[in-house]
Each structure stands twice: as C-alpha cells, then as structure tokens.
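Per-entry structural report
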Amino acid sequence: MAYDVIVLGLGACGAAATYQMAKRGAKVLGIDRFAPPHAFGSTHGDTRVTRLAIGEGAHYTPLAVRSHAIWREIEAETGADLLTTNGGLIISGADAAEFHGAPFFGNTVVAAEKHGIPHEMLDAGAIRARFPQFAVGDAVGYYEPSAGFVRPERCVAAQLQLAGKHGAVLHRNEKVVGFGATPSGVTVQTDRGSYEAGQLIVAAGPWLPSLLPPNIAWLFKVYRQVQFWFDVENAAAFAPDRFPIFIWDLPGGRGGVYGFPALDGPRGGIKIATESYASTTTPDTMVRDVSAGEARTMFDSVIAPYIKGVTSRCVRSLSCLYTVTPDFGFVIDRHPDFERIILASPCSGHGFKHSAAVGEALAELALHGQSTADLRAFLLSRLTVHGY
Ligand SMILES: Cc1cc2nc3c(=O)[nH]c(=O)nc-3n(C[C@H](O)[C@H](O)[C@H](O)COP(=O)(O)OP(=O)(O)OC[C@H]3O[C@@H](n4cnc5c(N)ncnc54)[C@H](O)[C@@H]3O)c2cc1C
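Presented here is a report on the structure given in the accompanying data block. Keep in mind the model is a prediction, meaning the values are calculated, not measured. (Residues numbered from 1 in each chain as written. Predicted model: local features only at pLDDT ≥ 70, side-chain atom pairs only at ≥ 80, totals over all residues. Heavy atoms only, no water.)

Asp-32, His-38, Thr-43, Val-49 and Cys-320 are the nearest of the 36 residues found near the ligand. Take Val-49: an N or O atom from its main chain is 2.7 Å from an oxygen atom of the ligand. Contact distances for the ligand include 3.2 Å between an oxygen atom and a backbone N or O atom of His-350. When the free accessible area of the ligand is taken as 1000 Å², the share hidden by the protein chains comes to 97%. Among the secondary structure elements, those contributing two or more residues to the shell around the ligand are helix H1 (12–23), strand S3 (48–50), strand S13 (221–232) and strand S17 (310–324). Taken together, the residues of the shell around the ligand break down into 18 nonpolar, twelve polar and six charged. (Near = heavy atom within 4 Å. Polar contact = N/O pair within 3.5 Å; in protein donor to acceptor, adjacent residues only side chain to side chain. Areas by Shrake-Rupley, 256 points an atom, 1.4 Å probe, with all protein chains shown as cover. Helix = DSSP H or I, 4+ residues; strand = E, 2+ residues; numbered from the N terminus. Nonpolar A, V, L, I, M, F, W, Y, C, P; charged D, E, K, R; others polar.)

Printed below as a string of structure tokens:
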C-alpha cells in the first residue's frame, strides 16, 4: 500500500492531521481541491478567537489547551507568529440568550473553574473602567488573560510546510470525486487519478455534506457568514495591549457580536462579526461578495450603539462558511458505512481554536486506533440516536 493514510482536505483540520501523522513517520497523502490556505472554505480572514474556558462546553477545554501548546511548538520550529494571548472578554446580561447552542456565559465560568483557567469576573462598572471602548449597560464580564487570537492561514501554511518536511505528499488543486472501501483499506478517486491507503480522513469542511450519504449529510448545515473590518478613530486605543478579543451577547436578544483588536496599522480597522443562521447555502452556490448594504446594517445595528471609537468606514469584508450540526458540536468519528474512513468536522463556528489538537487526536486515531484526547462527545451517534 502506497500510503498509510490519505487526508481529504488540507484546511484547518486536515493540515493539522497531516502534519501530526507525518511527524510520527506515517506515509501520508494530503489532497485538496485548492491550494490551502485559501479563501473558499472556513479558514480565512486573518484571525480566529481562541479561549481556554469554553462556553460551548467544558469538555472542549483540553483541546484548546493542547492546541495552544502545539502552536507554541510550531512557532518555535518555524518562526511563524501564530498565537497572541492578549486577553479575552466575554460580556453577557440578565437576558442572556444561548450562543452556539449553549448557555455560553455560564458554561464559560464553569469550564474555567473546572479546569483551573485563571480569570476575573467584572461588573459593568469594571468593564467600562478597564475597556472604555464597550458601551455596556447592565452587564457582567468574564475576562481571561490566556484568551486571544490565532492566525488561521499561517497555522495551515506552517503545518503543511512541516508535514512536507516530514515526508507527507501533498496534492494541491486536485479534487476528490469519490472514495470507498477495498478489502484491506480505502480507495480515493480524484479528477487526476486514483489512490489506495490503509485509511482515509475526510476533513472537507463545508464540502462535507456533498461527500456523505443523504441520511447523515443533512446533519451538517452550511451557513454564509461575513467578517467586517471597520476603521477606528484611534488605532492605539484598539491595539492588542488595550483591546481584548471579545464576545458580547447583546442586550434585548439582539444576538452575539465578536471582535478583535486592530492589527493592520492606523487605517486597517478592527475585525467585527456577528453570526447568521437565516438560510443554508453551499460552497458552490453561496454569494461570495459582501454588499455595501450589509456593511451599513452591521455598523448601524451592532457597532454604533455598542462600541465607541469605531467609524462607519468599512475597510474590508469577507464571506466565509460555517458548517453546523444540530447541537453545534463537532463530529469526529468513523464513517457509519466504512470502518476505515474517519469523518472530521470540527465545525459550528468554533472549531479553529481546537484544530491543532484535533489534528493530533486524528493522527492517533488513524495510526493507533484510539486517541489520548477524549472524543466521546463528538460521536456521530449522539445526533442520529436523538432523532435529529
Ligand atoms: C467567519 C468565521 C469565523 C470563525 N470564527 C472562529 C473563531 O473565532 N474561533 C474558532 O475557534 N473558530 C472559528 N470559526 C470556525 C473555524 O474557522 C472552522 O471550524 C474551521 O476553520 C474549519 O476547518 P475545516 O478543516 O473543517 O474546514 P476548511 O478549513 O474549510 O477545510 C476544508 C478543506 O477541504 C477541501 N476540500 C473540500 N472538498 C474537497 C474535495 N472534494 N477534494 C479535495 N479537497 C476538498 C477544501 O478545499 C478545504 O481546503 C469561524 C469560521 C468562520 C467561517
């Protein structure tokens, strides 16, 4: 057999898995329909929030902690700047809504206490005094010094670089059109050829549903999201040493907004986004362009009333895709029809921060049959037995 493992998709999750397996000496072939990092899937836009106390559930915390450690290792090996822990602020109010399918603020505090993550609780006055950029009324804040942001494109590039250095074979701009089982492994067909391996990891991000049978494909819904960069009056007031990453459950059920410090110089602005679940789409049919009207609505409804010192000048915008399961949790599990195929969807809008550790867990799962990380919460059967 030419390869121990084939990885379908070299985005956040696939690049991490390919790197981790190559580092362990496995013969790995990674295939991607584009040349990652690219801007067509879920892993672009310069920054992703990372935090260790995970509001989606305390069981994610070990993955985030491990990912930070892996990124530090990769930084030391490559010289890339991947992770900045400038602190993170989560703001919520008495009328807190669910975020990512969970009582997010309360879960964050529980996860911090359970896993001993250093943090501070701030009342509204303390938030205003420390971070005057936020026009908070009646609210409470959770501040975590170890939170911050990670650079998705750089992480993918660094892991693919190291994977290649450790002997992984990388096929870019090659599309997988089919896969299946052989008596002793798997076969993968692409628009260029056909390959065999002991196992296959499917890490196709928002393309995953198109590669699955209908009875499970429908569990993965794809939604268009938009990331905006708005200019600020004083970039120094939004620099990472004065402005944290933030997630704010806005009052009155207006939904969540999150953002980052200014990273692109005096006129580069700050990145801010909300989430949209209005209608589903696919990577091949979505509207990629962002209209001026979308930027205006974003500024008027979410930025102007709540964040001081941000101007209405939108300097950049990008669309991107969430792949969302019914409970907003990951799926990392064997394919129900093929024992030698692993499905990896660290998805639902919060996967990047865990992706380095998910890659390590996938490597262990594929090469040794089980992972050190506890992946039981990510089994597909939790979604199918509950009848979604
Ligand atoms: C706007 C936005 C904001 C986000 N913010 C955060 C955040 O702040 N914090 C956080 O932790 N997470 C965040 N996320 C989520 C996180 O970015 C994603 O969960 C993660 O990047 C998904 O990675 P992936 O490997 O599953 O998919 P991708 O990185 O999209 O990789 C899939 C790859 O598969 C390839 N592929 C697909 N089909 C084929 C085929 N047939 N043949 C060959 N190759 C194929 C694609 O080309 C692609 O490279 C955000 C996501 C978005 C969209």
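Residue alternation in strand S15 (residues 256–259) divides its side chains into two sets, Gly-256 and Tyr-258 and Val-257 and Gly-259, and both sets are buried. Summarising the sheet, strand S14 (residues 245–249) and S15 pair through four bridges and their orientation is antiparallel. Bridge pairing links Ile-247 to Tyr-258 in S15. Hairpin geometry of S14 and S15 is characterised by an intervening segment of six residues between the two adjacent antiparallel strands and by a positive phi of about 70 degrees at Gly-252. Strand direction decides the pairing type here: S15 and strand S16 (residues 270–274), joined by three bridges, are antiparallel. Bridged to Tyr-258 within S16 is Ala-273. (Buried < 20%, exposed > 50% of the residue type's maximum accessible area, 1.4 Å probe, protein only. Pairing = 2+ DSSP bridges.)

Going through the model one piece at a time under the given rule, you end up with 20 aromatic pairs. For the pair Phe-134 and Phe-243, a centre-to-centre distance of 5.3 Å together with 20 degrees between the ring planes defines the contact as stacked. Remark: Phe-243 occurs in the loop between S13 and S14 and Phe-134 occurs in the loop between helix H4 (124–130) and strand S7 (140–144); sequence separation between them is 109 residues. Here Phe-134 matches Phe-243 in class, with each residue buried. Judged by centre distance (5.4 Å) and plane angle (70 degrees), the ring pair of Trp-248 and Tyr-306 falls under edge-to-face. Note that Trp-248 is positioned in strand S14 and Tyr-306 in the loop between helix H7 (292–303) and S17, a separation of 58 residues in sequence. We note that Trp-248, like Tyr-306, is buried. An aromatic cluster is built from Phe-134, Phe-238, Phe-243, Phe-246, Trp-248 and Tyr-306, whose rings are joined through pairwise contacts. Note that Arg-130 overlies the ring of Tyr-143, its terminal NZ or CZ placed 4.6 Å from the centroid. (Phe/Tyr/Trp six-rings, centres within 6.5 Å; stacked < 30°, edge-to-face > 60°. Lys NZ or Arg CZ within 6 Å of the ring centre and 35° of its normal.)

Attention shifts here to the pattern of salt bridges. One pass over the structure, following the stated rule, counts 16 salt bridges. Note that Arg-316 and Asp-46 form a salt bridge whose closest N and O atoms lie 2.7 Å from each other. One end of the pair, Arg-316, is in strand S17; the other, Asp-46, is in the loop between strand S2 (28–31) and S3, and 270 residues separate them in sequence. Glu-75 is the salt-bridge partner of Arg-72, the closest N and O atoms lying 2.7 Å from each other. In this pair, Arg-72 and Glu-75 are both assigned in helix H2 (residues 61–78), three residues apart and thus about one turn of the helix distant. (Salt bridge = Lys/Arg side-chain N within 4 Å of Asp/Glu carboxyl O.)

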